[in-house]
Each structure stands twice: as C-alpha cells, then as structure tokens.
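Below are the chains, spelled out letter by letter.
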Amino acid sequence: VVSINNKIVGYGRLTHEGQIGQMAVKKQLQKQGIGKEIVKALIIKVKEADLKIVWMWARTSAQHFYEKFGFKCVGEIFMSPRMKIPHIRMEMDVM
C-alpha cells in the first residue's frame, strides 16, 4: 500500500503462490513511479518467500509496463469474465 497524506494512492496484492493481483494507482498519480515501486516491493517479497516465479493475469494495456521488470507473456490473450477487459498471464523467474 502506498499512501500520501494518509490517503491510499496505490496498492498491490501478493498471494502465497507468488501471484500479483489487484494492482492499482490513482489515475491522476499514474506515471510517477508509484506502480513501479509497488511491483519492486512485491518482487522482493516473492524472493524472501523463496518462490521461483512471480506471476499475474495482466491487462494487455499494462503488458509493456510489466515487461520492463522482466515479465514474459505466457499463453494466449483472454477476455476477463468479470471485467470484460483483455488479459494475459505474465511470469518472471526470480531465482
């Protein structure tokens, strides 16, 4: 969780299996490095847990953002049944 003046402006979730989810940064604060810091912190947590990979179901619109960290696309693009937005599985080796 990232907060500014006691207000949450960004967050991300990490499961015990190494899945990143629920990544979000307040629209007006995007492109300021907040998301980058969240992803970096989650990757550190995965390494601390001695997991071999970190993965997610990423929006295709965010694919290039995650590729900058070393994530690779795995499989085919699919339409999220809940959000109706195209997603793809992305993974990164952390060992």
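Here the structure is shown first, and the text comes after it.
Keep in mind that what you see is a predicted model, and the values were worked out from it rather than measured. (Residues numbered from 1 in each chain as written. Predicted model: local features only at pLDDT ≥ 70, side-chain atom pairs only at ≥ 80, totals over all residues. Heavy atoms only, no water.)

1. Considerations on the overall build of the protein
Logical step 1: When you go through the protein residue by residue, the secondary structure sums to 2 helices and 6 strands.
Logical step 2: Secondary structure elements in the protein, listed N-terminal to C-terminal, are β-β-β-α-β-α-β-β.
Logical step 3: Here the C-alpha radius of gyration of the protein, 13 Å, is about what a compact globule of 95 residues would show, namely 12 Å.
Logical step 4: Pairs at least 24 residues apart make up 53% of the contacts formed inside the protein by residues separated by at least 6 positions.
Logical step 5: Summing over all exposed atoms, the protein offers an accessible surface of approximately 6,700 Å²; the carbon and sulfur share of this is 53%.
Logical step 6: On the protein, the mean spot of the 16 positive side-chain charges and the mean spot of the 8 negative ones are 11 Å from each other. (Helix = DSSP H or I, 4+ residues; strand = E, 2+ residues; numbered from the N terminus. Rg over C-alpha atoms; globule rule 2.2 N^0.38 Å. Contact = heavy atoms within 4.5 Å. Areas by Shrake-Rupley, 256 points an atom, 1.4 Å probe, with all protein chains shown as cover. Lys, Arg positive; Asp, Glu negative; His and termini not counted. Charge placed at Lys NZ, Arg CZ, Asp CG, Glu CD.)

2. Overview of the layout of surface pockets
Logical step 1: Here the largest pocket defines a volume of roughly 1,100 Å³.
Logical step 2: Along its surface, the largest pocket is lined by 35 residues, and Met23, Ala24, Arg59, Ala62 and Tyr66 are the ones closest to its centre.
Logical step 3: For the lining of the largest pocket, the secondary-structure elements that each account for two or more residues are strand 2 (7-14), strand 3 (19-25), helix 1 (34-48), strand 4 (53-59) and helix 2 (63-67).
Logical step 4: The element contributing the most residues to the lining of the largest pocket is strand 3, with 7 residues.
Logical step 5: Classifying every residue of the lining of the largest pocket by side-chain character gives 16 nonpolar, 12 polar and 7 charged. (1 Å grid on protein atoms, 1.4 Å probe; cavity = no way out; pocket = protein on both sides within 12 Å on 5 of 7 lines; lining within 4 Å. Points joined across faces, edges and corners; volume = space filled by probe spheres on them. Nonpolar A, V, L, I, M, F, W, Y, C, P; charged D, E, K, R; others polar.)

3. Concerning the packing of aromatic side chains
Logical step 1: Within the structure shown, the criterion is met by 5 aromatic pairs.
Logical step 2: Ring geometry for tryptophan 55 versus tryptophan 57: centroids 5.6 Å apart, planes at 90°, classification edge-to-face.
Logical step 3: The class for tryptophan 57 is partly exposed, based on a relative accessible area of 40%.
Logical step 4: With 5.0 Å between their ring centres and 75° between their planes, phenylalanine 65 and tyrosine 66 make a pair best called edge-to-face.
Logical step 5: Overall, phenylalanine 65 belongs to the partly exposed group, its relative accessible area being 29%.
Logical step 6: Overall, the relative accessible area of 7% leaves tyrosine 66 in the buried class.
Logical step 7: Stacked on the ring of tryptophan 55, the Lys or Arg arginine 89 has its end atom at 4.0 Å from the ring centre.
Logical step 8: The ring of tryptophan 57 carries arginine 89 above its face, with NZ or CZ at 5.6 Å from the centroid. (Phe/Tyr/Trp six-rings, centres within 6.5 Å; stacked < 30°, edge-to-face > 60°. Buried < 20%, exposed > 50% of the residue type's maximum accessible area, 1.4 Å probe, protein only. Lys NZ or Arg CZ within 6 Å of the ring centre and 35° of its normal.)

4. A few points about the pairing of strand 6 (residues 86-93)
Logical step 1: Direction of pairing for strand 4 relative to strand 6: antiparallel, over a ladder of 7 bridges. In the strand pairing of strand 6, tryptophan 55 is matched with glutamate 91.
Logical step 2: Relative to strand 6, strand 5 (residues 72-79) runs antiparallel, the two sharing 5 bridges. Across the sheet, cysteine 73 pairs through a bridge with methionine 90, a residue of strand 6.
Logical step 3: In sequence, strand 5 turns back onto strand 6 through a hairpin of 6 residues, with lysine 84 there showing a positive phi of about 60°. (Pairing = 2+ DSSP bridges.)

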